[in-house]
Amino acid sequence: QDGASSADLEVLDVVLNDLLRQGVETYPGGGKTLYVSRDSLGENDFYLSDAQLGSDLQDYRIPDGVAASLRKRNQSVTTIWGDGLASRFAKNGEFEQISDRNFHPEDYPDCKLIATFWLPGYSANGQYAMVRFAISPTPHGSTGTYLLKRNGGTWSIEWFEESYYF
């Protein structure tokens, strides 16, 4: 499949709305605006590996099939948000992952964080979705991970975890 499906966008919308509300420790920018990369990160053997997911998420249960789905669905870069984002506090574009040394606040007015997502992975039974994304700017790298559960026709957040790399 090319691009994000309507189901993916539903899941990602829940995540973006939560990110807009909560504090993110990785980059305490103090702003209100999320800068979201239009395209996915694509294949990444490190950040999507069982070993890295297990290390980053050791305190959480990962439902059957989620990790495999995450890797399978992200074998190449694809456009996620081609039509833009609904929130006035979320802007999408061709934003790169950047280090804190290369970050210039004037280029990202009112920045809360820069996020580049992978397409969601889904459990074998379709009741769970995992969303993983890279967070910028940071000195060494960081990811955020959400697990969502389908409740009837809506998705709710089970947990959120930030991981830092030194």
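Everything here concerns the structure above.
My aim in this report is to walk through the structure given alongside it, one point at a time. (Residues numbered from 1 in each chain as written. Predicted model: local features only at pLDDT ≥ 70, side-chain atom pairs only at ≥ 80, totals over all residues. Heavy atoms only, no water.)

### Points about the side chain of Q52
As a reminder, the rule being used: Helix numbers and strand numbers start at the N terminus; a helix is a DSSP run of H or I with at least 4 residues, a strand a run of E with at least 2. Exposed residues in this analysis have more than 50% of their type's maximum accessible area, buried residues have under 20%, and partly exposed residues fall in between, with area computed by a 1.4 Å probe over protein chains only. Here a polar contact is taken to be a pair of N or O atoms separated by no more than 3.5 Å, where protein atoms must pair a possible hydrogen donor with a possible acceptor and residues adjacent in sequence count only if both atoms sit in side chains. By definition, residues are in contact when any of their heavy atoms lie within 4.5 Å.
Relative to the helices and strands, Q52 is located in helix α2 (residues 50–56). Residue Q52 is classed as buried on the basis of its relative accessible area, which comes to 11%. Engagement of the side chain of Q52 in a polar contact is seen with the side chain of D56, the distance being 2.7 Å. Setting aside its immediate chain neighbours within four residues, Q52 contacts F46, Y47, R132 and Y165.

### With respect to the nonpolar core
Definition in use: Think of a nonpolar core as a cluster: buried Ala, Val, Leu, Ile, Met, Phe, Trp, Tyr and Cys residues, connected wherever their side-chain atoms sit within 4.5 Å.
Counting residues in each nonpolar core, the largest one holds 23 residues, and the members touching the most others are L19, F117, V131, F133 and Y146. At the level of secondary structure, the elements contributing two or more residues to this core comprise α1 (6–21), β1 (33–37), β3 (111–117), β5 (128–136), β6 (142–151) and β7 (154–164). No other element matches the 5 residues that α1 contributes to this core. Excluding its chain neighbours within four sequence positions, the residues that come into contact with F133 are L19, A115, T116, F117, W118, S142, T143, G144, T145, Y146 and F160. If you look at the next biggest cluster of nonpolar residues, it comprises 13 residues, including L53, L70, L147 and Y165.

### Section: the environment of L113
Mapped onto the elements, L113 comes out in strand β3. The class for L113 is buried, based on a relative accessible area of 0%. Once the C-alpha coordinates of L113 and D18 are considered, the two residues, 95 residues apart in sequence, prove to be 13 Å apart.

### Quick look at the environment of Q75
By the secondary structure assignment, Q75 is in the loop between α3 (66–73) and β2 (90–93). In this structure, the C-alpha to C-alpha distance between Q75 and D45, residues 30 residues apart in sequence, is 9.6 Å.

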